[in-house]
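# Working through the structure, step by step
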Amino acid sequence: MLHCIPVGSLSTNCYILIDDETGEALAVDCAVFDGEYQSFIRGLGIRELKYILLTHGHFDHISGVRALKEAFGGKVCIHAEDSECLFDETKSLNAYVDYAPLLPSKADIILTDGLSLDFGNGEIKVMHTPGHTKGSVCFFIGNMMFSGDTLFKLSMGRTDMPGGSTRQMFSSLRAIGQLEGDYEIYSGHGEKTNLSFEKANNRYLRAK
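Here we summarise the structure given alongside this text. (Residues numbered from 1 in each chain as written. Predicted model: local features only at pLDDT ≥ 70, side-chain atom pairs only at ≥ 80, totals over all residues. Heavy atoms only, no water.)

## A word on the overall build of the chain
Per the secondary structure count, the chain includes 6 helices and 14 strands. Expected size for 208 residues packed as a compact globule is a radius of gyration near 17 Å; at 16 Å, the chain falls within 12% of this value. Dimensions of the chain along its principal axes, counting C-alpha atoms only, are 45 × 40 × 25 Å. Relative to its full complement of 208 residues, the chain shows a buried share of 49%. At a minimum sequence separation of 6, the contacts of the chain that also span at least 24 residues come to 60%. If the 19 positive side-chain charges of the chain are averaged to one point and the 27 negative ones to another, these points end up 5 Å apart. (Helix = DSSP H or I, 4+ residues; strand = E, 2+ residues; numbered from the N terminus. Rg over C-alpha atoms; globule rule 2.2 N^0.38 Å. Buried < 20%, exposed > 50% of the residue type's maximum accessible area, 1.4 Å probe, protein only. Contact = heavy atoms within 4.5 Å. Lys, Arg positive; Asp, Glu negative; His and termini not counted. Charge placed at Lys NZ, Arg CZ, Asp CG, Glu CD.)

This is how it looks when you write it as structure tokens:
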């Protein structure tokens, strides 16, 4: 079962996924670990997380990671290119904004393109999708795709911040557009969508 709560001043979509058969749970991104978010997780009956999956290293996706791990455990998973964001306020861009303090943390699992992680009776597949940041990734779990700030409904993530690259972004979007099958897409901000809709309607995904 998938649950979502918008967290922080930028309304980052923070996801909690519970495997229906095994009861294993994971989090995708953690903007701020405040009392509301903690109560939200406890209200789901979760005592421990298996993973904390991070789509990229910007402050509005990682600022609550250390507090979340201290409360619920979970192996912190992030791509190597963004791993220093977990303890570097400049690389996470936290130094330039009025946001929650970045409590330093570290990666337990370094993600690479094509990596698979066991979860429940299935797996998590990792796709490296640089463009928004050098270490941006998408996660695939069953028919769900967690796209972070790479792909939004009818839009794409910004590429004008440090580590961003428009060339890499369009290369990543082309790779996503070539995926077979359909996926429900859960992005870092805004409403959910699906891959078939984006292939037909998203001008960035269709761009050559």
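## Some points on the sheet that holds strand β9 (residues 137–141)
The pairing of strands in a sheet happens through backbone hydrogen bonds and is either parallel or antiparallel. Read from one edge of the open sheet, 6 strands run β7-β8-β9-β10-β13-β14, paired in mixed fashion. If you trace the sheet from one side to the other, it starts and ends with β7 (116–119) and β14 (193–194), each paired once. (Pairing = 2+ DSSP bridges.)

## Remarks on the environment of L44
Residue position: L44 is located in the loop between α1 (35–43) and β4 (51–53). In this structure the C-alpha to C-alpha distance between L44 and A100, which are 56 residues apart in sequence, comes to 25 Å. Excluding residues that lie within four positions of it along the chain, L44 makes contacts with H3, I16 and I18.

## Considerations on the packing of aromatic side chains
For the structure shown, the criterion picks out 8 aromatic pairs. Seen in terms of ring centroids, F33 and Y37 are 5.9 Å apart; in terms of plane orientation they differ by 70°. Their pairing is edge-to-face. Among the aromatic residues, those joined into a ring-pair cluster are F33, Y37, F40 and F72. (Phe/Tyr/Trp six-rings, centres within 6.5 Å; stacked < 30°, edge-to-face > 60°.)

## Looking at unusual backbone geometry
Not every positive phi belongs to a glycine, and S11 is a case in point at roughly 50°. Turning to its location among the elements, S11 is positioned in the loop between β1 (2–7) and β2 (12–18).

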